[in-house]
Amino acid sequence: MKEETRNFTTQLAIIGSGIAGFAASIFAVNRKIATAQIGNTGAVAYTTGYLDLLGKMDGAQAAVNDPWQALEQLRKSQSNHPLSRVAVADIHRGFNEFTAFLGECGIAYSQPEKRNITALTPVGTLKQTLCVPATMAAGPRAFAAKKPCVIIDFIGLKGFSGRQVVANLQDRWPNLGTQRIAFPDMVHGEIYPEVMARALEVPATREKLAYTLKNAAGQAKVIGLPAILGMHCPDHVRAELERLTGLEIFEIPTMPPSVPGIRLRELFEQVLPKKGVTLIPQQKVTALDFDDRGATLSLFDSYGPIRIQAQTVILATGRFLSGGLEAHPDGIREHLLDLPVTQPADRTHWYHDRYTDPRGHAIHRAGIEIDDTFRPLRLDGRPYSDRLFAAGIIIAHQDWIRGRSGAGIAIATAFRAVAEAERYLLAETNPEKRV
Amino acid sequence: MDKNGSYLVTAPKQEKGTPMADTQIATINFKEEALRLLPEGASFEACLTCGLCSSGCPASGIENMDPRKFIRMAELGMDVELSTTPWVWCCTQCKRCHHVCPMNIDISQLVFLARSNWPEDKKPSGIVRSCQMILATDSTSAMGLPPADFVFVVDDVLQEVRATQPAFQHLQAPMDKQGAHFFVNQNSREPMSEPDEMVPLWKIFHLVGADWTYSSKGWAAENFCMFSGNETAWYEVIKKRVDAVNELGCQVWLNTECGHSYYTMWQGVKRFNLTANFRLESLITYYARWIREGKLPVNSKWNTKGIKFTVQDPCMIVRKAYGDAIAEDMRFVTRALVGEENFIDMQPNRSANYCCGGGGGFLQAGMTEHRRTYGKRKFDQIAATGAAYVLTPCHNCHSQMEDIGHFYGGNYGVVHFWTLICLSLGILGDNERTYLGPDLLELLD
Ligand SMILES: Cc1cc2nc3c(=O)[nH]c(=O)nc-3n(C[C@H](O)[C@H](O)[C@H](O)COP(=O)(O)OP(=O)(O)OC[C@H]3O[C@@H](n4cnc5c(N)ncnc54)[C@H](O)[C@@H]3O)c2cc1C
Ligand code: SF4
Ligand code: SF4
Ligand code: SF4
């Protein structure tokens, strides 16, 4: 029995299936670029569902209200920050395009506005974010208006406590209460949000839950639930529960493994292949080679070896968690091409003494260098290949956790990387247009 | 464990009724074994304890265990507990945990290891017995149907169809035909308990003009030896089947509508390094191809009432083997058969689909309550589609979905693809309609 290598050819290969990789696929699909995408989609499931652009400026105490203005500031103070290297108008376009795509494919999102939204975290603290799923939008509104509201939690559900949410918010939200209820037909000790969300796609479960919710709400007209309102048609599930209860309902993200992230992952995995993307979701590229004619990616899936010939490549392999960067005793390395990584001089400089040090840690700004067309650079400052572009948090000079800018960096840089890849592809097909 | 650190497991050579010694379950050093079994970078140490695996595992909570907990306990050296937990018989080795894990950690391999470590007399007797039956005859049939009986049943059914269905008076069901292109395997359930269910597939082959054959040896599809964790037995079964195909000189071993039969053969050939002078292929791929080529002129015009269908992706051929490519073929076939607007996908689906809970020998293990708990997810998935029928190319999925449907009060039916193909073509005989509900039967009259 021979194992045959399956061959694919494509205009663009995207390596990485984090937010950056998926955003790049979406932008490429919208531009009718033939695309293949490879990477483990698991980590997308960790996100809260909130799409942050910029929530915190380095050194500032207060959270960012107006992210667009803060971007201008960032441009002055940190010109090599990836967000400073994308035009503000392009970042706006990128967010619009990304959220519109999600909406068309079944998860409605708020569009980017002038200001950040003050959103609720799983523990009832507040954070600034740019776009929120429609199922969560009523929460910030109810909070702003201080409407009487009951936060519901469930027997057996870990990672979300109504009491904790209320304790953290009661000073600012006086009419907030909480109730703990049982989820219909769940027999086991620990129950997961994912299981509840799927069960709520069954009309009979919704009816049973609606009955309990009405009682738990008491006098309140608004209730907040952990994010469990369905998996692949959340807006429908929420609308149905609102209809059945006569209440206004919103979701609050839970700790991972949480539903909003799994929703995104499953949406990407289902929709992109339908749109023509060759998606190989669970695997890692083991080798990437360039020659005059293009790039060759090698990998295996459970069925056997795969080879992809691509005219252009976007590297969006993330940092340590996803394996794009690897920490070795002698320093940090980029694992696929061994691209030079900008990093602290030696290990002793990775962290400040206190983990909570307000200056942040040098290791969280490590990454690869790019030129103005988002091509990763060699040590000598020349691009590694004219066909290779980078996107996402693998790019140096940003600390997305402290900046509350995870999705922002991913979407903005993906937007630019795809634009540059498209430019290259056009030039390659019409050499006379090459500039 | 032998001196070299590998596990030697042999099938017990005991007669029915012979009492067995009360053996103990040896303790495995899971951490050590994981280092050996799991690829670098996907070891237990890489686990982020994020819980995505458990959240998406239908066996979570059963026997107070889940995949994340399994890994944590292995890390903590709780080897006795892990070596003895009956949960390993409730994990269907469906690899969904592996699919959703950001670190690519595969728990099912350790579950297989744990299973193989149980003494035969402690393992769920249903799985062990099914494996013994498979080894008992050249048929490799888990129901113990000997070659001669299989040959007889096939011929008997064939003669009856020829006599009673004029359009098929020249129908063929070749046996041991040397050099046929396709070697077709067969689940024992049909020749044993519902022989007429073999006919629709024969008709399909007849229509497309396939050059195919059954074999009197190694014909059976099912394979519980892998699930019983008995590697030697697994090898023996696959060896017999591979030899049978090689002997007939067929080019393609065409796997019938069954999930694990494909997986155990495909993995077995690789694992035991067997020489297979043929390709392993799935019937689904060919249904799709024959429809595309116009050889199977199916359409959905018969579905005048807009009856809704969903499909169940068997993990053994989708997630664990071909990936989404075959899932797409299944959907293509389904849409062609029932009409685009009458197909509703289950959520999640394709490679992310949940195992039904019939796999891994669960249906044979006698752990009915646990199996139904596992199946509740599948039931919810099906109920959410509102479909009247589930189509699936897997016998175990078929049985399990029927069972949980009855148990949880669902009112859907489960049908084979061959049934619906023949229905669409207007060639489904009277005796071939077992799985049709009144709504479908009504359309036929
Ligand atoms: C727990 C958690 C919570 C978060 N919450 C939020 C939030 O609320 N709001 C927000 O805006 N952002 C959030 N983020 C950040 C966001 O999800 C992304 O992590 C971030 O934007 C970085 O995206 P990325 O695509 O660049 O990298 P990653 O998300 O790290 O993705 C990298 C991808 O590359 C793949 N990869 C690596 N090597 C290879 C290879 N050789 N071949 C193929 N593929 C490879 C990996 O499998 C992975 O798919 C959160 C992140 C985490 C971890
Ligand atoms: S999904 Fe993977 S990383 Fe997360 S807990 Fe499970 S095994 Fe560990
Ligand atoms: S293989 Fe399937 S049943 Fe077993 S732990 Fe993983 S997800 Fe659960
Ligand atoms: S019975 Fe079906 S779903 Fe379950 S393991 Fe087998 S193939 Fe997978």
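Residues numbered from 1 in each chain as written. Chains lettered and ligands numbered in written order. Predicted model: local features only at pLDDT ≥ 70, side-chain atom pairs only at ≥ 80, totals over all residues. Heavy atoms only, no water.

**A word on the packing of aromatic side chains**
Residue and element names in this part refer to chain B. Under the defined criterion, the tally for this structure stands at 35 aromatic pairs over all chains. Measuring from centroid to centroid gives 6.1 Å for Y262 and W266, while their planes differ by 25 degrees, and the two rings are stacked. Of this pair, Y262 and W266 both sit in helix 12 (residues 259–271), four residues apart, which is roughly one turn of that helix. With respect to burial, Y262 and W266 carry one shared label: buried. Grouping aromatic residues by their ring pairs yields a cluster made of F150, F182, W202, F205, W212, Y214, W219, Y286 and W290. Directly above the aromatic system of Y408 lies the positively charged group of K376, at a separation of 6.0 Å from the ring centroid. (Phe/Tyr/Trp six-rings, centres within 6.5 Å; stacked < 30°, edge-to-face > 60°. Helix = DSSP H or I, 4+ residues; strand = E, 2+ residues; numbered from the N terminus. Buried < 20%, exposed > 50% of the residue type's maximum accessible area, 1.4 Å probe, protein only. Lys NZ or Arg CZ within 6 Å of the ring centre and 35° of its normal.)

**A few points about the interface of chain B and chain A**
In this assembly, 42 residues from chain B lie in contact with 30 residues from chain A. Summed over both partners, the interface of chain B with chain A buries about 3,200 Å², with 51% contributed by carbon and sulfur atoms. Inspection of the region where chain B meets chain A yields two salt bridges. The salt bridge involving R96(B) is made with E194(A); its shortest N-O contact spans 3.8 Å. For the pair chain B and chain A, the interface holds 10 residue pairs in polar contact (both at pLDDT 80 or more). When contributions to the side of chain B that touches chain A are tallied by element, the ones reaching two or more residues are helix 2 (52–55), helix 5 (96–100), helix 12, helix 14 (318–322) and helix 16 (368–385) of chain B. Considering every element that reaches the side of chain B that touches chain A, the biggest residue donor is helix 16 of chain B, with five residues. Of the residues contributing to the side of chain B that touches chain A, the split by class is 21 nonpolar, 12 polar and nine charged. (Contact = heavy atoms within 4.5 Å. Buried area = accessible area lost by both parts, 1.4 Å probe. Salt bridge = Lys/Arg side-chain N within 4 Å of Asp/Glu carboxyl O. Polar contact = N/O pair within 3.5 Å; in protein donor to acceptor, adjacent residues only side chain to side chain. Nonpolar A, V, L, I, M, F, W, Y, C, P; charged D, E, K, R; others polar.)

**Observations concerning the state of the cysteines**
A covalent bond between the sulfur atoms of two cysteines is referred to as a disulfide. Residue and element names in this part refer to chain B. Using the criterion set out here, one finds one disulfide over all chains in the structure. For C131, the disulfide goes to C225, at an S-S distance of 2.2 Å. In this structure, the disulfide formed by C131 and C225 twists by about 105 degrees around the S-S bond and is classed as right-handed. With C131 in helix 7 (residues 125–136) and C225 in the loop between strand 2 (212–213) and helix 11 (231–248), the pair connects residues that are 94 residues apart, well separated along the chain. In this structure C225 comes out as buried when scored by relative accessible area, which is 0%. (Disulfide = S-S within 2.5 Å.)

**Describing the site of ligand 1**
Residues and elements named next belong to chain A. Around ligand 1 lies a shell of 30 residues, among which N40, T48, V285, S322 and G406 are the nearest. Contacts to ligand 1 include A20, whose backbone N or O atom sits 2.9 Å from an oxygen atom. The protein chains hide 90% of the 990 Å² of surface that ligand 1 would expose on its own. Contributions of two or more residues to the shell around ligand 1 are made by helix 1 (19–30) and helix 11 (406–429). Looking at the shell around ligand 1, the element that brings in the most residues is helix 11, giving three residues. Along the lines of polarity and charge, the residues of the shell around ligand 1 split into 13 nonpolar, 14 polar and three charged. (Near = heavy atom within 4 Å. Areas by Shrake-Rupley, 256 points an atom, 1.4 Å probe, with all protein chains shown as cover.)

**Focus on the domain arrangement of chain A**
All names here are of chain A. Along its sequence, chain A is carved into domain 1 (6–105 + 262–433) and domain 2 (123–253). Contacts between the two partners involve 17 residues from domain 1 and, on the opposite side, 18 residues from domain 2. Each partner contributes to the roughly 1,500 Å² buried at the junction of domain 1 and domain 2, and carbon and sulfur atoms together form 58% of this total. Looking only at domain 1, the three residues that lose the most surface to domain 2 are Y50, I262 and R263, adding up to 46% of its buried area. Connecting domain 1 to domain 2 are three salt bridges. Where domain 1 packs against domain 2, one counts 10 residue pairs in polar contact (both at pLDDT 80 or more). Elements represented by at least two residues in the side of domain 1 that touches domain 2 include exactly helix 2 (67–77), helix 3 (88–104) and helix 9 (259–274). (Domains from an automatic or database assignment.)

**With respect to the packing of helix 15 (residues 324–338) of chain B against helix 18 (residues 417–425) of chain B**
All names here are of chain B. Close contact between helix 15 and helix 18 brings their axes to 10 Å; oriented N to C, the two are set at 35 degrees. In this structure, helix 15 meets helix 18 at a crossing whose hand is left-handed. From helix 15, M330, V333, T334, L337 and V338 reach across to helix 18, where they touch F417, L420, I421 and S424. Looking at the contact of helix 15 with helix 18, its residues break down into seven nonpolar, two polar and no charged. (Axes fitted to C-alpha atoms, helices over the stretch in contact; angles between N-to-C directions. Left-handed = near helix turned anticlockwise from the far one by under 90°.)

**Focus on the environment of E97(A)**
All names here are of chain A. Tracing the sequence through the fold places E97 in helix 3. Given a relative accessible area of 17%, E97 falls into the buried group. Counting along the chain gives 314 residues from E97 to I411, while the straight-line C-alpha distance between them is 9.7 Å. Other than its neighbours up to four places away in sequence, E97 contacts I26, F27, N30, R31 and F415.

**A short note on the side chain of R319(A)**
Residues and elements named next belong to chain A. For R319, the location among the structural elements is in the loop between strand 12 (304–315) and strand 13 (325–328). For the buried R319, which has no salt bridge, the nearest side chain bearing the opposite charge is D399, at an N-O separation of 5.5 Å. From its side chain, R319 meets the backbone oxygen of A366 in a polar contact 3.0 Å long. Dropping the residues within four chain positions of it, R319 is found in contact with G324, L325, H364, R365, A366, I393, I394, I395, Q398 and W400. (Lys, Arg positive; Asp, Glu negative; His and termini not counted.)

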